[in-house]
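# Observations on chain architecture
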Amino acid sequence: MEGEKLDAIIFGATGFTGQIVVGDAIDILKDFKWGIAGRNELKLKTLLEDMGQKMQIDLSYIPVVVANVNDQISIETMAQKCKIVINCCGPYQVFGEVVVKACINAGTHHVDLSGVINSIELHAVIKPNYQDTSSKAILNYGTWESLICSMQYARELLTLERKLNKEEMPKLTPKLWMRPYPHRTETLSEYFAPFPITDRTVVQRSQRLFYMREQKRPIQFEMYMGFRSFFLALIFPLLLILGVIMAQMSFTRKLLLKYPHTFSRGLMTHQGPTETNRKAAEFSYVVNAKGWSEGTPQTDAPNKVVMVRVSGKDPCYGVTSSCLLTSAKVILQEHQIMPGKGGVLPPGFAFAPTQLLKEMEMCKSGLKFEILKL
C-alpha cells in the first residue's frame, strides 16, 4: 500500500459501531479502495478475518492502518493516506479534535457520527479556520444523536447554539411556535410531545447557511415524538427534564451511566443491542410541512401542505452506518458540486445538490420515503 492513496479509511473500526460500519462498507464502498484503522493492528486483522469467515468472503485485501488519537503523527499519517476519513472513534468531544486537525492539514474530507455537544461545531466557533478551510475539505457532522449525552451537556449545547448561530436572520411570518403540550395532528393517530434532541440545532444551522450563502427563505422546524396515549405524551417531557437534572450532577450522572438498562427501561445497555434486536427495530418519521405554491406571495397565509413519511429499520446502528457511508461515498463522487470551498457543514446544507437521498434508499439499511399528502 506504500505510496497508494485510498479513497476512504474507517477509523475506530474495532469499536461496536465501527464493526457495523465495516460490515456495511463491503457493499456500499465496493467500487472504492478503502481500508480500516485503529490503535491495535492485531485486532484490526482479526476483525477482517472474523468478518470474512462470517460473510464467506476474503477480506485480506483490505489495508490496515495503525492510528492512535494519543499519537498525533499516526493520525496525521492516516489522514494523508486517504481522500476521506470515516471517523467512528468517539466520544468526539474528547477524541475528535486531533482527527479533524489532521484532516484539515492534509486536505482530507471527514465524516463522523457525532450529534451531541459536537466537538467539531465547538471548534468551528473557537477556531474560525475550521469553518472555512483553505484545504477544501468537507467536515460533515450530525448523523445520529445520543440522548443521554445531549442531556448531560444541555446548558453547553444552548451556549454553543447561540455562538454558532450568530448570523442575523429575517423575522418570519407566520411564526411556527413549539407546542409544549400533548397534541394530535391531521391523518396521524398518536399524541405528540416535544422531542428536544440535536436535530433541531443541525437543521437550523443548515437553514442559516442557505439564507446567508444562497438567500433562501429559512424553514422553521420543530420536532415531536409520538405516543399511543395522552398520558405518555404528558409525562415524557417531565421525564426528560428529570433526566437533564440528573445528568448535571456528578452522583446521579454516575447512576445513569452505571445503570442505563434500568433508567431506559431496557432500551440501553453497556453491551449494546444484539444483532437480532437491532434488525427487528423499526422507526418512522412524518414530516408535516406548510408553505406556498410556486409564485404565491409569501406575505399571504401558507396555501400548501406536504406530508412525507420517512421509515426504516435498525435506526441507531443500521441506518446510522448507511448514512455515514453514503455520505462518504457521495463526497467522493460529487464533492465538486457541493457548496463552498469546504468547512464544517451540516448534512442538510452540504448534500442539498447531491444524490445522497437516492443513494440511501438503495442501501439494505436505508430509508424509505412515502408521500402522504401533496
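Let me sum up the structure you'll find in this document. (Residues numbered from 1 in each chain as written. Predicted model: local features only at pLDDT ≥ 70, side-chain atom pairs only at ≥ 80, totals over all residues. Heavy atoms only, no water.)

### Things to note about the overall build of the protein chain
For clarity, the threshold we go by: In DSSP terms, a helix is any run of H or I states spanning at least four residues, a strand is any run of E spanning at least two, and both are numbered starting from the N terminus. Under the scheme applied here, a residue whose accessible area is under 20% of the maximum for its type counts as buried, over 50% as exposed, and between as partly exposed, the area being computed with a 1.4 Å probe on protein chains only. Any two residues whose heavy atoms approach within 4.5 Å are treated as being in contact. To be clear on the numbers: accessible area is Shrake-Rupley with a 1.4 Å probe, and residue cover counts the displayed protein chains and nothing else.
Within the protein chain one finds 15 helices and 12 strands. Counting across all 374 residues of the protein chain, residues that qualify as buried make up 45%. Considering only contacts within the protein chain whose residues lie at least 6 apart along the sequence, 75% involve residues at least 24 apart. Accessible area of the protein chain: about 20500 Å², with a carbon and sulfur share of 56%.

### As for the state of the cysteines
The condition that has to hold: Two cysteine sulfur atoms form a disulfide, by the criterion used here, when they sit within 2.5 Å.
Summed over all chains, the structure comprises 0 disulfides. C103 provides the cysteine sulfur closest to C82, a residue in no disulfide bond, and the two sulfurs are 6.6 Å apart. Residue classification places C82 among the buried residues on the basis of a relative accessible area of 0%. For C323, which is in no disulfide, the shortest distance to another cysteine sulfur is to C363 and amounts to 8.3 Å.

### Here we look at the sheet that holds strand β12 (residues 368–373)
Within a sheet, adjacent strands bond to each other through the backbone by hydrogen bonds, running parallel or antiparallel. Definition in use: Note on pairing: DSSP must find at least two bridges between two strands before they are called paired. Axes here mean lines fitted to C-alpha atoms, for a helix over just the part in contact, with angles spanning 0 to 180 degrees between N-to-C directions.
Ordered in space as β9-β10-β12, the 3 strands form an open sheet in which the pairing is antiparallel. Either end of the sheet is taken by a strand with one partner, and the two such strands are β9 (282–291) and β12. Each strand axis lies, on average, 20 degrees off the axis of its neighbour in the sheet, ignoring direction. Where strand β10 (residues 304–313) and β12 come together, 5 bridges link them in antiparallel fashion. Residue R309 lies in a different strand from β12, and its bridge partner there is E370.

### Looking at the pairing of strand β1 (residues 6–11)
A large share of β1 lies buried, amounting to 6 of its 6 residues. In terms of strand pairing, β1 meets strand β4 (residues 82–87) through 5 bridges, oriented parallel. The residue of β4 that forms the bridge with I9 is V85. Note: β1 against strand β2 (residues 34–38), 4 bridges, orientation parallel. Note on β2: the bridge partner recorded for A8 is W34.

### Here we look at the packing of aromatic side chains
Definition in use: Two aromatic rings, drawn from Phe, Tyr or Trp (for Trp, its six-membered ring), form a pair once their centres lie within 6.5 Å of each other, and the interplanar angle then sorts them: stacked below 30 degrees, edge-to-face above 60, tilted otherwise.
Tallied over the full model, the rule gives 6 aromatic pairs. Between Y191 and F230, the aromatic rings sit 5.8 Å apart at their centres with planes inclined by 85 degrees, giving edge-to-face as the arrangement. Here F230 lies in helix α9 (residues 230–248) and Y191 lies in strand β7 (residues 191–194), a separation of 39 residues in the sequence. Judged by its relative accessible area of 21%, Y191 is partly exposed. Overall, the relative accessible area of 42% leaves F230 in the partly exposed class. On the basis of an interplanar angle of 70 degrees and a centroid distance of 5.1 Å, the ring pair of F210 and F349 is categorised as edge-to-face. Taken as a pair, F210 in helix α8 (residues 199–214) and F349 in helix α14 (residues 347–350) lie far apart in primary sequence, 139 residues in all. F210 sits in the buried class, given a relative accessible area of 11%. The class for F349 is buried, based on a relative accessible area of 1%.

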